[in-house]
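Structural features, examined
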Amino acid sequence: MDEFKRYDENGNEINGNENNTNNVDGNDYGDVVETTIIKSHADESNDNSLSMEKHNQAYSDQCFQERIKNEEKKARKKIFTWKKVIACVLVAVLMGGAFQLGMEVTKPFFEKFVGSTISQNDDSNKFAFEDKNNTTALTEDNLKEVSSDYTSIINDNYESPVVAIAENMKPSIVTITSVVTAKDWFNNQYEQEGTGSGIIFGENEDVIYIVTNQHVIDGARNVVVTFFNSENINAKVVGYEREYDLAVLSVAKKDMKKELLDSIKIAKLGDSDKIKVGELAVAIGNPLGKQYSNTVTVGYISAINRTLESTDKSLPLIQTDAAINPGNSGGALVNAQSEVIGINSYKLASTDIEGMGFAIPVNEAKPIIEDIVNKKDRPALGIRGIDVTEEMGDFYGLPIGILVKEVTEGSGAEKAGLRSQDIIFEFGGAKIFNFEDLQKEIEKYEVGDTVSVKVARKTNNGFEKVELNVKLTDRQSIM
């Protein structure tokens, strides 16, 4: 009988014995569909052929069993492979963590006794500040760092100019307390105090002079001046101009101690015509009374030539956002050169308004102060009123001019028959549109001059023109 041989399904001979499990074309033997070809001699007998057939059948059964075993081995191999991979990963993680922990724990001891041999990553391009106390960041070679030289100079040597202004002006600012007599609901009289501020602006052999607002001392029975050293001295009212809201006080030198006389200063008056919007403005005064004396607030010149209607005159005012509060009235508005450029007088107060204070320009105040000190007779008409603008005239049907609200008792206007609600539209032949026009015309005359005044007087049928001859009187005699 010839040797048994095995062939695959393509007719290729398979080498090896019956138990060979090598792969064919990359597959396990169990995956190959086998075809067993039994070759025999042509002359063998049928018995032998039958025997060979049985043998062949037995061999085929054995091959089938081997293929089943190989498939089971392959399945177990795949399962084992995945478990092995997972187990290896877990082991690696645990060993890596343990190694890292060990390195961190032993690193200080290792570096202390052996020295550091652990290589570090290259951090040359990593952003970092130079050190904990330096706030300058590392920069590239083509960029420049901000220099701290100027900042160092400011920190070491810089001092706000307001410090010097406050020191310079402190001996020139005073607190003014006025005592007035008031009445309650039952007509009982009682004394009431009001406070304001003042500026020392001049002197002579006997007295020093202080300027303040007229409304600060209006109706005062007694006036007390408190100097920067808290010394209180009674003052005398030299005179005032109601329409300019200016008043001058005097304090006798004989009532002042030598130390006080040596320490006070006369304020330097500047040129308010040269101020510009945006420049520094410092308000110095005594808001809310003595306890807040010499309070300094800082701001800027917000505007110039602002107009607020006064009782007798329309004044051009300086507007500032430096805080001006009750008690600041009569205090100084100062520029960067410690020069008084204005006398603080007004503030617009409302829940909708903030930072709108006003000062009388010192150039407007100078001639008035001089006239008060020199007791120069200044002619006055003797009225209080408001301007009737073109808009008001159109709305209310009134002539343009000055609507008289009050006639001063004992004045030339009262004696000439001028009445409340009259509208002055002509003075000495000149057309009058507002208080500024009226004041310019009055200043052309002397006390005692008689001037023609034309008014529009309200009647049942509208208005009629009335001409009056008014003798001008001295302001001081009627104010």
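Residues numbered from 1 in each chain as written. Predicted model: local features only at pLDDT ≥ 70, side-chain atom pairs only at ≥ 80, totals over all residues. Heavy atoms only, no water.

1. Re the overall build of the protein
A count of helices and strands for the protein gives ten helices and 24 strands. Among the 479 residues that make up the protein, the fraction classed as buried is 36%. Partitioning the contacts of the protein with sequence separation of at least 6, the portion at a separation of at least 24 is 60%. Element-wise, carbon and sulfur atoms account for 50% of the exposed surface of the protein, whose accessible area totals about 29,700 Å². (Helix = DSSP H or I, 4+ residues; strand = E, 2+ residues; numbered from the N terminus. Buried < 20%, exposed > 50% of the residue type's maximum accessible area, 1.4 Å probe, protein only. Contact = heavy atoms within 4.5 Å. Areas by Shrake-Rupley, 256 points an atom, 1.4 Å probe, with all protein chains shown as cover.)

2. Observations concerning the pattern of salt bridges
Tallying each qualifying case throughout the model produces 14 salt bridges. Linking Lys253 and Glu203 is a salt bridge whose minimum nitrogen-to-oxygen distance equals 2.8 Å. Within this pair, whereas Lys253 is found in the loop between strand S10 (246–252) and helix H5 (258–263), its partner Glu203 is found in strand S6 (residues 189–203), the two being separated by 50 residues in sequence. On the accessibility criterion, Lys253 (19% relative accessible area) is buried. (Salt bridge = Lys/Arg side-chain N within 4 Å of Asp/Glu carboxyl O.)

3. What to know about the nonpolar core
Core analysis: the biggest nonpolar cluster contains 29 residues, and Met169, Ile199 and Leu246 have the highest contact counts within it. No other element matches the four residues that helix H6 (residues 362–373) contributes to this core. (Core = buried A, V, L, I, M, F, W, Y, C linked by side-chain atoms within 4.5 Å.)

4. Comments concerning the packing of aromatic side chains
According to the stated counting rule, one finds three aromatic pairs in the structure shown. Their ring planes at 25 degrees and their centres at 6.0 Å tell us that Phe201 and Tyr209 sit as a pair that is stacked. Summarising the burial analysis for this pair, Phe201 and Tyr209 share the class buried. Measuring from ring centre to ring centre gives 4.9 Å for Phe395 and Tyr396, while their planes differ by 80 degrees; the resulting arrangement is edge-to-face. For the residue pair Phe395 and Tyr396, the accessibility class agrees, reading exposed in each case. (Phe/Tyr/Trp six-rings, centres within 6.5 Å; stacked < 30°, edge-to-face > 60°.)

5. A look at the sheet that holds strand S5 (residues 173–183)
Taking strand neighbours around the barrel as the criterion, the six strands line up as S5-S6-S7-S10-S9-S8 in a closed arrangement whose pairing is antiparallel. Put simply, the sheet's adjacent strands are angled 40 degrees from each other on average, direction ignored. (Pairing = 2+ DSSP bridges. Axes fitted to C-alpha atoms, helices over the stretch in contact; angles between N-to-C directions.)

6. Quick look at the confidence of the model for the protein
Per-residue confidence for the protein averages 76 on the pLDDT scale, and 64% of its residues sit at or above 70. Counting contacts from residues 16–47, a segment whose pLDDT is below 50, to residues more than four positions away or on other chains yields 49 contacts. Here residues 134–139 is a poorly scored stretch, pLDDT under 50, and it has twelve contacts once near neighbours within four places are set aside; other chains count. (pLDDT = per-residue confidence, 0-100.)

7. What to know about the environment of Ala283
Here Ala283 lies in strand S11 (residues 280–285). Between the alpha carbons of Ala283 and Ala166 there is a distance of 9.5 Å; along the sequence they are 117 residues apart. Once residues lying within four places of it in the same chain are set aside, the contact partners of Ala283 are Thr295, Val296, Thr297, Ala322, Ala323, Ile324, Ala332, Leu333 and Asn344.

8. Overview of the side chain of Ser178
Among the structural elements, Ser178 can be located in strand S5. In this structure Ser178 comes out as buried when scored by relative accessible area, which is 3%. Among the polar contacts made by the side chain of Ser178, one reaches the main-chain carbonyl oxygen of Val216 at a distance of 3.0 Å. Sequence-distant contacts of Ser178, defined by excluding residues within four places in its chain, comprise Gln192, Glu193, Gly194, Val216, Ile217, Ala220 and Asn222. (Polar contact = N/O pair within 3.5 Å; in protein donor to acceptor, adjacent residues only side chain to side chain.)

9. Section: helix H9 (residues 435–442)
Phe435, Leu438, Gln439, Glu441 and Ile442 are the residues of H9 that are buried. Viewed end-on, H9 has its buried residues packed into an arc of 165 degrees, placing them on one side of the element. (Arc of directions from axis to C-beta.)

10. Quick look at empty space enclosed by the protein
Within this structure, the stated rule accounts for three cavities of 30 Å³ or more. Size it by volume and the second largest cavity reaches roughly 40 Å³. Together, Glu241, Asp371, Ile372, Lys375, Lys376, Arg378, Asp474 and Gln476 line the second largest cavity. Across the lining of the second largest cavity, the residue classes tally to one nonpolar, one polar and six charged. (1 Å grid on protein atoms, 1.4 Å probe; cavity = no way out; pocket = protein on both sides within 12 Å on 5 of 7 lines; lining within 4 Å. Points joined across faces, edges and corners; volume = space filled by probe spheres on them. Nonpolar A, V, L, I, M, F, W, Y, C, P; charged D, E, K, R; others polar.)

11. Some details on helix H3 (residues 161–169)
For an α-helix, 3.6 residues make a turn, and residues three or four places apart therefore share a direction. Every buried residue belonging to H3 is among Val162, Ile165 and Met169, and all of these are buried. Within H3, the buried residues cover an arc of 55 degrees as seen down the axis, which keeps them to one side.

12. Quick notes on the side chain of Ser250
In this fold, Ser250 is placed in strand S10. Take Ser250: its relative accessible area is 10%, and that puts it in the buried class. Apart from residues lying up to four places away in sequence, Ser250 is in contact with Val207, Ile208, Tyr209, Ala235, Lys236 and Val238.

13. Some remarks on unusual backbone geometry
The phi dihedral of Lys375 is positive, around 55 degrees, even though this residue is not glycine. Summarising the element assignment, Lys375 is placed in the loop between H6 and strand S17 (379–380). Although it is not a glycine, Gln421 adopts a positive phi angle of roughly 85 degrees. With respect to the helices, strands and loops of the structure, Gln421 is situated in the loop between helix H8 (412–416) and strand S20 (423–427). In this structure Gln421 comes out as partly exposed when scored by relative accessible area, which is 42%.

14. Some points on the pairing of strand S9 (residues 232–241)
With four bridges connecting them, strand S8 (residues 220–226) and S9 associate as antiparallel partners. Bridge pairing in S9 places Val225 opposite Ile233. In sequence, S8 turns back onto S9 through a hairpin of five residues, with Ser230 there showing a positive phi of about 75 degrees. Direction of pairing for S9 relative to S10: antiparallel, over a ladder of five bridges. In the sheet register, Lys236 faces S10, and the bridge partner there is Ser250.

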